[in-house]
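Single-letter residue listing:
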Amino acid sequence: MSLAFSLLLLIFAVVIGNLLAAKIRLIPAAFWDIAVGLLFSLLPWFHNFEMVPEVFLFVIISMLMFNEGQHTNVRKLVQNLGATLSMSVWLSLATIVVVGLITHLFLPALSWPLAFVLGAIITPTDSVAVTSITSDLKVPAPVMETLETESLFNDASGLVVFNLCIAAITTGYFSVTHAVANFIYVFGGGILLGGILGWFLIMIRLWMIRQRLNGPQIIIPYKLLIPFIIYVTAELIGVSGILAVVAAGIVHGWQQNLLKLSSSRLQITTNSAWELVTSILNGIVFVLLGISFPEVWHQLQEHSVHNLALLVGLGLVLYVVMLVVRFLWVRLRFVKIPHQRKKNRFTDSALIAVNGVHGTITLAMAFSLPLTLNHRPFSDRTDLIFVSAVVIVLSLLVPTIVLKLTLPAKEEPVTLAELDQAKSETINSAITLVQQQPTTNTTIAVIETLNSQRAEPVRSDPKKVNALMDQTRQIDHDTIQQMLADGEISVQDADTYNQMAAMMYRRQDQSFWQVTKDWWDRLIPFTKIHREHRRRKKAYLNQPASARKTDRKEWITNMRRIEAKPYAVISDFLTNLPDAFNHPEIMAVRSFYDQRHRAWNRTRDEQSAQNQLLTSAFQEEYSYIQNRVQDGGFSKALGTKLFDEIANDQMLYIQQSSAMADAQ
């Protein structure tokens, strides 16, 4: 229970961070998540929290790396394979060596293997953090492409060297030949195993699709399990689990392109599920960083064997050293940046150096340092974790400040205001088409549906709406009284209708709290309303089942007959008002009575007529967008965005109408 509650708190923290990031866009979302994590570390559930590296890598990083692999362009990856290996393998190894030398110079008491362990910990870069920091900035495409492919594989380089150094410390034996062979086995074996297992699991998924076992409730959980299956298998045979899930993700992304439009609904649903899951996990990554920092500080105060200023200075020096190494690596052309122009070489080198952001993999490896070495307490563990934390903080802060000052803001091809205005024009064109039809319940319902497409709901004056509702309510009452006087309905029928109408009017008029109170009065015992409700329910249940079914059917039929005339009179009244379909107040009141009427009278034939008319309306929207793009009224980017929005609206309506048809 405690674990489940902690997970819910983490998700809640991510929601808070996303809300703050959306409200204050100047600060990247990663920093808001870290800040919320720091606050949550004060909660009792996160006291003395320490990240469990194995769980963190298995549950979170495997999913994120698999998703990164899915979105990797295979063609570009193959074309730039040399640059990827240079950045993720050779640069990583060079950085580890340089960091190890500097560390041993600052802390001579630290053994050489432990110095290189620190290098392995702080070398891997974090693509999630880079994306979070640069999401609103215009980073040159070649630079971003290089950073993304680097972060896919350099995690494994750091982990392999980390494990080799720890093994050398615990066994007291180190062989260069054995180290190289082990590196090749772990690195290459992870990629090979991930590719093979990924393809095998794809074949199973395709078999399920061919056997019509392709419901979202089957395929989506299956695909979400794939990273876990591959990661565990890779770790069991001693190869890199991270590289295995990356390779499997790349294979799945390539296969997804081969499917084209087959199983389109399944693909859309699956992509949406992955987008949701990875978005939450990305946020949790930084929340955990924030939660972990207080424990790092606490351990430092209790167990540090070195001077605090020396450790902070070492973290600062190591960060600067890594900046210089990354800059020189690119500037001296040890890596060939794709599509790089000569005049941009210095700028690209500086951007790649600054964007070497370190994050959760670094902290996870730091926490995975053993508590004891050779049966003795590992006294330097806390200091290494603290230096790693200093490097993480600097690598997040420096690019956030430097890039904001040096790079232009990303220009969105379409602003939200332009999109809202263009979509409103498009919806109006469809409504104009529908208004050419005779005014019926079907056309009114379709116009209401089309208006619901607007990003900003149509604003109406509450006072005018209330005044118009008072008029229609009086019409409703007068019509029922006239029907009673003419002998069309009985007194009991009139009372029943008036009770139902009064309840719906109360829901329309009252506040949320008053409506809640009405329901509360019906549900809690001993109130007058509750006693009356129980009396009617008891009398109803005392009847035979067949009689209950017949009575209910007759009651519904009778209520439909009674409600039809007031609805028709009110509809005529609203329709004959000036400019009836363009005044938001009239449309708001009409919407209330339309919903009430449809609740009693919805039929398959009526739904079918609405579907046909709405299909024509959607087609009119597509045609309107196409014509405006051709005549230059809409840009191509705006047209593409509108097509996408209309397609999503149409798909959602089809799903909802199918669900309602199944329920009838």
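Residues numbered from 1 in each chain as written. Predicted model: local features only at pLDDT ≥ 70, side-chain atom pairs only at ≥ 80, totals over all residues. Heavy atoms only, no water.

## Some details on the overall build of the protein chain
Reasoning step 1: A count of helical and extended segments in the protein chain gives 26 helices and two strands.
Reasoning step 2: In the protein chain, which comprises 664 residues, the share counted as buried stands at 47%.
Reasoning step 3: Contacts in the protein chain between residues at least 24 apart in sequence constitute 79% of all its contacts with a sequence separation of at least 6.
Reasoning step 4: Within the structure as shown, the protein chain displays about 34400 Å² of accessible surface, and the carbon and sulfur contribution to it stands at 63%. (Helix = DSSP H or I, 4+ residues; strand = E, 2+ residues; numbered from the N terminus. Buried < 20%, exposed > 50% of the residue type's maximum accessible area, 1.4 Å probe, protein only. Contact = heavy atoms within 4.5 Å. Areas by Shrake-Rupley, 256 points an atom, 1.4 Å probe, with all protein chains shown as cover.)

## Remarks on the packing of aromatic side chains
Reasoning step 1: Here the structure, examined in full by the defined rule, presents 12 aromatic pairs.
Reasoning step 2: Relative to F228, the ring of F58 has its centre 5.2 Å away and its plane inclined at 50°; by these criteria the two rings are tilted. A residue pair is termed long-range when its members are at least 10 positions apart, and F58 in helix α3 (residues 53–70) and F228 in helix α10 (residues 216–236) qualify at 170 residues.
Reasoning step 3: Centroid distance F183 to F187: 5.5 Å. Interplanar angle 15°. Geometry classified as stacked. Within this pair, F183 and its partner F187 are both found in helix α9 (residues 176–210), separated by four residues, close to a single helical turn.
Reasoning step 4: Three or more aromatic residues joined by ring pairs make a cluster, and in this case those are F58, F228 and Y231. (Phe/Tyr/Trp six-rings, centres within 6.5 Å; stacked < 30°, edge-to-face > 60°.)

## So, the side chain of H104
Reasoning step 1: Its place among the elements puts H104 in helix α5 (residues 81–106).
Reasoning step 2: A polar contact is formed between the side chain of H104 and the side chain of W112, at a distance of 3.5 Å.
Reasoning step 3: When sequence neighbours within four positions are dropped, the list of residues in contact with H104 reads L110, S111, W112 and A115. (Polar contact = N/O pair within 3.5 Å; in protein donor to acceptor, adjacent residues only side chain to side chain.)

## What about the side chain of R326?
Reasoning step 1: Within the secondary structure, R326 sits in helix α13 (residues 308–331).
Reasoning step 2: Among the polar contacts listed, one links the side chain of R326 to the backbone oxygen of I352, at a separation of 3.0 Å.
Reasoning step 3: Residues within four places of R326 in sequence aside, it is in contact with M87, L91, T125, L147, E150, I352, A353 and G356.

## Description of unusual backbone geometry
Reasoning step 1: The backbone of R333 sits at a positive phi, close to 65°, despite the residue not being glycine.
Reasoning step 2: As for its placement among the helices and strands, R333 is situated in the loop between α13 and α14 (345–354).

## Quick look at the confidence of the model for the protein chain
Where the model shows low pLDDT, its predicted coordinates should not be examined in detail.
Reasoning step 1: Taken over all residues, the pLDDT of the protein chain has a mean of 80, while the share at 70 or more is 84%.
Reasoning step 2: Confidence, expressed as mean pLDDT per element, reaches its minimum in the protein chain at helix α21 (residues 512–523) with 57 and its maximum at α13 with 92. (pLDDT = per-residue confidence, 0-100.)

## Overview of helix α15 (residues 360–367)
Helical geometry note: an α-helix holds 3.6 residues per turn, so side chains three or four residues apart project in the same direction.
Reasoning step 1: Of all eight residues that make up α15, eight are buried, and the element is covered over most of its length.
Reasoning step 2: All buried positions along α15 are accounted for by T360, I361, T362, L363, A364, M365, A366 and F367.

## Overview of the pattern of salt bridges
Reasoning step 1: Scanning the entire structure with this criterion turns up seven salt bridges.
Reasoning step 2: Of the charged contacts in the structure, one is a salt bridge between E150 and R326, with a shortest N-O distance of 2.8 Å. Residue E150 is found in helix α8 (residues 141–171), and its partner R326 is found in helix α13; the two are separated by 176 residues along the sequence.
Reasoning step 3: Since its relative accessible area comes to 2%, E150 is described here as buried.
Reasoning step 4: Classification of R326 as buried rests on a relative accessible area of 6%.
Reasoning step 5: Among the salt bridges present, the one from R561 reaches D493, with a minimum N-O distance of 4.0 Å. Of this pair, R561 sits in helix α23 (residues 545–575) while D493 is found in helix α20 (residues 491–509), placing the two residues 68 residues apart along the sequence.
Reasoning step 6: For R561, a relative accessible area of 41% translates into the label partly exposed.
Reasoning step 7: Look at the salt bridges and you will find they share partners, linking E425, R628 and D631 into a network. (Salt bridge = Lys/Arg side-chain N within 4 Å of Asp/Glu carboxyl O.)

## Details of α5
Reasoning step 1: End to end, α5 covers 36 Å across 26 residues, agreeing with the expected 38 Å (1.5 Å per residue, within 8%).
Reasoning step 2: Along its length, α5 reaches its greatest deviation from straightness, about 30°, at L91. (Expected span 1.5 Å × (residues − 1). Bend = angle between axes of the 7 residues up to and from the residue.)

## Let's talk about the nonpolar core
Reasoning step 1: I242 and L369 are the most contacted members of the largest nonpolar core, which has 126 residues in total.
Reasoning step 2: With 14 residues, α8 is the largest single contributor of residues to this core.
Reasoning step 3: Those residues in contact with I242, other than ones at most four positions away along the chain, are L57, I61, M65, D155, L159, Y231 and I361.
Reasoning step 4: One finds F618, I625, L638 and Y653 within the second-largest nonpolar core, a separate group that totals 23 residues. (Core = buried A, V, L, I, M, F, W, Y, C linked by side-chain atoms within 4.5 Å.)

## With respect to the environment of S62
Reasoning step 1: Mapped onto the secondary structure, S62 falls in helix α3.
Reasoning step 2: Each C-alpha atom of the pair S62 and I230 lies 8.9 Å from the other, and the pair is 168 residues apart in sequence.
Reasoning step 3: Separated by 2.3 Å, the side chain of S62 and the backbone oxygen of F58 make a polar contact.

## Some words on the packing of α9 against α10
Reasoning step 1: α10 packs onto α9 with a crossing angle of 160° between their chain directions and a minimal axis gap of 11 Å. When the axis of α9 is compared with that of α10, the two are roughly antiparallel. In the crossing of α9 with α10, the sense of the turn from one axis to the other is right-handed. Where α9 approaches α10, its residues L193, G194, L197, G198, L201, I204, R205 and M208 are matched on the opposing element by I218, I219, Y222, K223, I226, I230, T233 and A234. (Axes fitted to C-alpha atoms, helices over the stretch in contact; angles between N-to-C directions. Parallel < 35°, antiparallel > 145°, perpendicular 65-115°, else oblique. Left-handed = near helix turned anticlockwise from the far one by under 90°.)

## Regarding the packing of α13 against α14
Reasoning step 1: It is the contact of α13 with α14, at a shortest axis distance of 8 Å, that shows an interaxial angle of 145°. Crossing hand, α13 versus α14: right-handed. Facing α13, whose interface residues are Y319, L323, R326, F327, V330 and R331, α14 presents R345, F346, S349, A350, I352, A353 and V354.
Reasoning step 2: Looking at the contact of α13 with α14, its residues break down into nine nonpolar, one polar and three charged. (Nonpolar A, V, L, I, M, F, W, Y, C, P; charged D, E, K, R; others polar.)

## Here's the deal with the environment of K464
Reasoning step 1: Within the fold, K464 resides in helix α19 (residues 462–485).
Reasoning step 2: K464 sits in the exposed class, given a relative accessible area of 52%.
Reasoning step 3: Taking the C-alpha atoms as reference, K464 lies 8.9 Å from I586; in sequence the two are 122 residues apart.

## A short note on the environment of T496
Reasoning step 1: Tracing the backbone through its elements, the reader meets T496 in helix α20.
Reasoning step 2: For the pair T496 and M559, spaced 63 residues apart in the sequence, the C-alpha separation amounts to 8.6 Å.
Reasoning step 3: With residues up to four places along the chain from it excluded, the contact list for T496 reads W555 and M559.

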